[in-house]
Amino acid sequence: MEPIKVYIGTLGMDQHELGAIAVSRMLRDAGMEVVYGGRFNLPPMIVKTCLEEDVNVIGLSCHSWEYLYYLPELQALMKAQQLAIPIVVGGSVITLGDAKKLKEMGIAAVLGPGALEKDIIESIKKFAT
Amino acid sequence: MTESNTRSGIPLKSVYTPEDVKNQDYDNHLGAPGEYPFTRGRRAAAAGGWMQRELSGEGEPSRSNEQLKYLISKGQIGLDVIGDSPTMAFMDPDHPLAANAVGTQGVSLCCLDDYRELFKDIALDSVVVSCSLPASIAAASLYIIARDSSMPLDKLRGSVIQAPFYVEDCGYASHMPFRLRLRLSTDCIKFCTEEMPRFHSFVEDTYFIGETGLGAADEMALGFIEIRYIVRELLKHGMDIDSFAPRIAILVNCNMDFFEEVAKIRATRRLFARMMKEEFGAKDPRSWSAVITSHTSGLSLTAQQPANNIVRGTVQSMALVMAGVQALEISAFDEAYRTPSPESHLVGLRTQQILHLESNVAKVVDPLGGSYFVESLTDEMEERIWDRVLEIEAMGDPAELSDKGWFKRFFDDTMAGYSRRISDGSLPKVGLNIFQVPEEEDTLLKEVVEGKIEPYWSRIDEIKEFKESRDQAKIKGILREVHKKAKDPGENLVYVTIEAFSAGATMGEIAGMMRMAYDYSYDPHGLIEPFI
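Now for a look at the structure at hand. (Residues numbered from 1 in each chain as written. Chains lettered and ligands numbered in written order. Predicted model: local features only at pLDDT ≥ 70, side-chain atom pairs only at ≥ 80, totals over all residues. Heavy atoms only, no water.)

1. A short note on the overall build of chain B
Then, number 1: Counting secondary structure elements, chain B contains 22 helices and 9 strands.
Then, number 2: Dimensions of chain B along its principal axes, counting C-alpha atoms only, are 75 × 60 × 45 Å.
Then, number 3: A burial count over chain B gives 63% of its 532 residues as buried.
Then, number 4: Total accessible area on chain B is roughly 19600 Å²; 52% of this is exposed by carbon and sulfur atoms. (Helix = DSSP H or I, 4+ residues; strand = E, 2+ residues; numbered from the N terminus. Buried < 20%, exposed > 50% of the residue type's maximum accessible area, 1.4 Å probe, protein only. Areas by Shrake-Rupley, 256 points an atom, 1.4 Å probe, with all protein chains shown as cover.)

2. Things to note about the overall build of chain A
Then, number 1: Assigned secondary structure in chain A consists of 5 helices and 5 strands.
Then, number 2: Walking chain A from its N terminus toward its C terminus, one meets helices and strands in the order β-α-β-α-β-α-β-α-β-α.
Then, number 3: What you see for chain A is a C-alpha radius of gyration of 13 Å, in line with the 14 Å of a compact globule of 129 residues.
Then, number 4: Taking the principal axes of the C-alpha coordinates as reference, chain A spans close to 35 × 35 × 25 Å.
Then, number 5: Looking at chain A as a whole, 57% of its 129 residues qualify as buried.
Then, number 6: Considering only residue pairs separated by 6 or more positions, chain A has 71% of its internal contacts joining residues 24 or more positions apart.
Then, number 7: Of the roughly 5500 Å² of accessible surface on chain A, 55% is carried by carbon and sulfur atoms.
Then, number 8: Computing the positive centroid from 12 side-chain charges and the negative centroid from 15, chain A places the two 4 Å apart. (Rg over C-alpha atoms; globule rule 2.2 N^0.38 Å. Contact = heavy atoms within 4.5 Å. Lys, Arg positive; Asp, Glu negative; His and termini not counted. Charge placed at Lys NZ, Arg CZ, Asp CG, Glu CD.)

3. Quick word on a negative patch on the surface
Then, number 1: A contiguous patch of negative charge, built from Asp461(B), Glu462(B), Glu465(B) and Glu468(B), is present on the exposed surface.
Then, number 2: Secondary-structure assignment places Glu468(B) in helix 19 (residues 457-469). (Patch = residues over 30% accessible without salt bridge, like charges linked within 9 Å, V, L, I, M, F, W, Y side chains within 5 Å. Salt bridge = Lys/Arg side-chain N within 4 Å of Asp/Glu carboxyl O.)

4. Remarks on the interface of chain B and chain A
Then, number 1: Counting residues at the interface gives 44 residues for chain B, matched by 31 residues for chain A.
Then, number 2: Summing the contributions of chain B and of chain A, the shared interface buries around 3100 Å²; its carbon and sulfur component is 59%.
Then, number 3: Sorting the residues of chain B by area buried against chain A places Leu97(B), Asn100(B) and Lys452(B) first, and these three jointly supply 20% of that buried surface.
Then, number 4: Salt-bridge contacts for Asp29(A) lead to Arg420(B); the nearest nitrogen and oxygen are separated by 3.1 Å.
Then, number 5: Where chain B touches chain A, the interface holds 12 residue pairs in polar contact (both at pLDDT 80 or more).
Then, number 6: Broken down by secondary-structure element, the contributors of at least two residues to the side of chain B that touches chain A are helix 3 (85-88) and helix 17 (406-423) of chain B.
Then, number 7: By residue number, the principal contributor to the side of chain B that touches chain A is helix 17 of chain B, which donates 8 residues.
Then, number 8: Its residues placed into classes, the side of chain B that touches chain A shows 21 nonpolar, 12 polar and 11 charged. (Buried area = accessible area lost by both parts, 1.4 Å probe. Polar contact = N/O pair within 3.5 Å; in protein donor to acceptor, adjacent residues only side chain to side chain. Nonpolar A, V, L, I, M, F, W, Y, C, P; charged D, E, K, R; others polar.)

5. Re the sheet that holds strand 8 (residues 291-296) of chain B
Residues and elements named next belong to chain B.
Then, number 1: Spatially, the 9 strands line up as an open sheet ordered 1-9-8-7-6-5-4-3-2, and their pairing is parallel. Edge positions in the sheet fall to strand 1 (51-52) and strand 2 (55-56), since each of these pairs with one other strand and no more.
Then, number 2: Inspection of the sheet shows strand 8 paired to strand 9 (residues 327-329) by 3 bridges, in the parallel sense. Bridge pairing in strand 9 links Ser294 to Leu328. (Pairing = 2+ DSSP bridges.)

Next up, the structure:
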């Protein structure tokens with residue numbers, strides 16, 4: 001069986017990379033393949049990479065509020081390309097109120113600041129299949 | 001593990017006795033406060049206080065100006081300004097990548113008018129302005145504002161951070177080559193030494209590298225590597241060590257391990273003094289004693305039960321005060337979620353005021369000096385820091401290590417290791433990996449963290465209009481001058497920055513021209529064309 005392929009990156013000028021790096025390592029250790037997008041990504045760049053790499057899940061690490069504005073753009077672009085890849089977001093800045101909104105927007109999973117390693121891995125596995 | 005080791009892994013005994021400090025000679029290891037090797041402090045007598053400030057800056061410059069005035073009205077002595085993420089990356093608000101980040105994590109500053117607005121109606125000769133901003137730009141702006149208001153430049157007090165080594169790897173990337181980052185640092189220090197003699201133009205910032213989860217000894221070792229490199233560079237340029245060393249400050253991180261942080265600061269002062277006197281031959285005693293400032297650790301805070309972060313800030317700032325720092329900022333209790341709210345700013349400032357006025361911890365210099373434990377840990381910390389400095393320097397030229405990505409890998413490994421320790425519980429974090437409460441019970445202060453600042457999208461059009469309103473030929477001319485001067489290593493880039501900023505050029509344009517002079521792209525993201 002092909003390993004699960006996950007895109008991990010941060011959006012715009014969100015330069016806090018700790019979470020993205022830690023989660024990438026976690027997923028690799030759990031046998032997944034990580035396409036690491038690093039910092040400075042805009043929605044069109046993410047869509048392009050995810051198409052080229054044929055990823056199963058898009059994981060976005062959020063430590064600034066930029067995700068609130070980039071996610072709708074990303075979703076619209078994906079819809080236009082008929083790209084149905086589940087998006088999982090995580091990060092300490094996501095409040096309970098934000099998480100609720102994100103779920104309503106159709107974000108597959110929201111991993112808040114308290115997410116444990118096993119929750120993150122299980123959540124990715126669940127949406128990848 | 002936590003019972004027998006410090007946070008950084010230094011083994012601890014349960015009791016310390018005179019046996020543990022039997023090799024310590026008072027005059028050689030400690031000295032009186034205010035005397036070489038300054039282990040016990042920079043000053044002979046208790047200053048009775050320290051520079052109390054809170055990191056601030058959000059939205060457009062006028063909003064931050066209100067914020068600064070608010071903090072001054074509440075008794076804050078020093079100002080500490082941080083830019084939003086585009087500003088920190090030398091990027092104007094109209095850059096396509098900046099759109100949703102304008103003003104949300106700091107203040108948006110890209111031209112001289114912005115700096116004028118930021119400091120409007122604030123008497124710069126009566127405050128100390130600490131800048132977490134691109135150093136050469138901030139120093140140039142303060143210089144222009146002071147000069148234009150006929151304020152004597154020796155009244156200008158404050159600081160800028162020099163971080164050529166690590167900023168690309170774990171801070172805000174400038175996308176400039178190392179040689180240019182280093183030159184901007186040395187040019188800025190030279191400029192300030194000559195023009196703004198009381199200004200601390202050389203702050204070594206180990207705070208932000210500490211936020212990757214570094215141990216205390218590693219944090220300071222990396223700091224010393226950067227200081228040593230910049231000092232050697234300045235000496236190569238013919239500067240006298242005593243002309244700039246008294247203006248060096250170290251901005252350290254302060255995490256939760258109380259005694260380890262105290263020992264780290266005491267050991268740092270001792271190492272700095274020895275290095276300056278014995279290795280670099282400084283003769284002025286002011287060159288031997290490092291100014292230590294600090295920021296309590298944002299990394300140590302939790303998004304869960306934010307009220308607990310007030311306790312963390314108190315413990316950390318108590319360690320800092322007892323270690324004798326010259327200034328401190330407390331990371332706000334809502335740090336995990338947002339830039340500080342007015343509520344959390346005030347709690348941070350009040351925490352400092354309560355420590356200062358009610359607890360009496362600052363009445364006596366170095367109150368922990370002489371403790372068998374603290375002295376033993378200080379010695380241990382000194383040895384570990386210096387061993388690490390020598391070990392890394394033995395691996396090769398730090399500039400090459402930086403180019404090869406050695407530091408980047410080191411920080412990545414540290415970050416991964418830190419989050420593993422949180423995940424497996426070996427580093428306890430109350431409310432996060434132990435003693436958690438269900439989300440629905442975690443309500444205290446949560447209404448504060450739900451507050452958000454929208455990006456200042458209006459600034460994008462304003463800056464575009466500003467750019468179009470300028471005399472285009474004049475701006476192109478001055479930008480070509482920036483390019484020419486950046487090509488000539490004999491020129492000090494702060495002077496041409498002053499000229500260009502005064503003429504109306506923006507930070508993004510100036511930085512782009514400097515990148516081009518060093519054969520880099522004008523725009524590192526390939527999204528905008530050079531304005532020439």
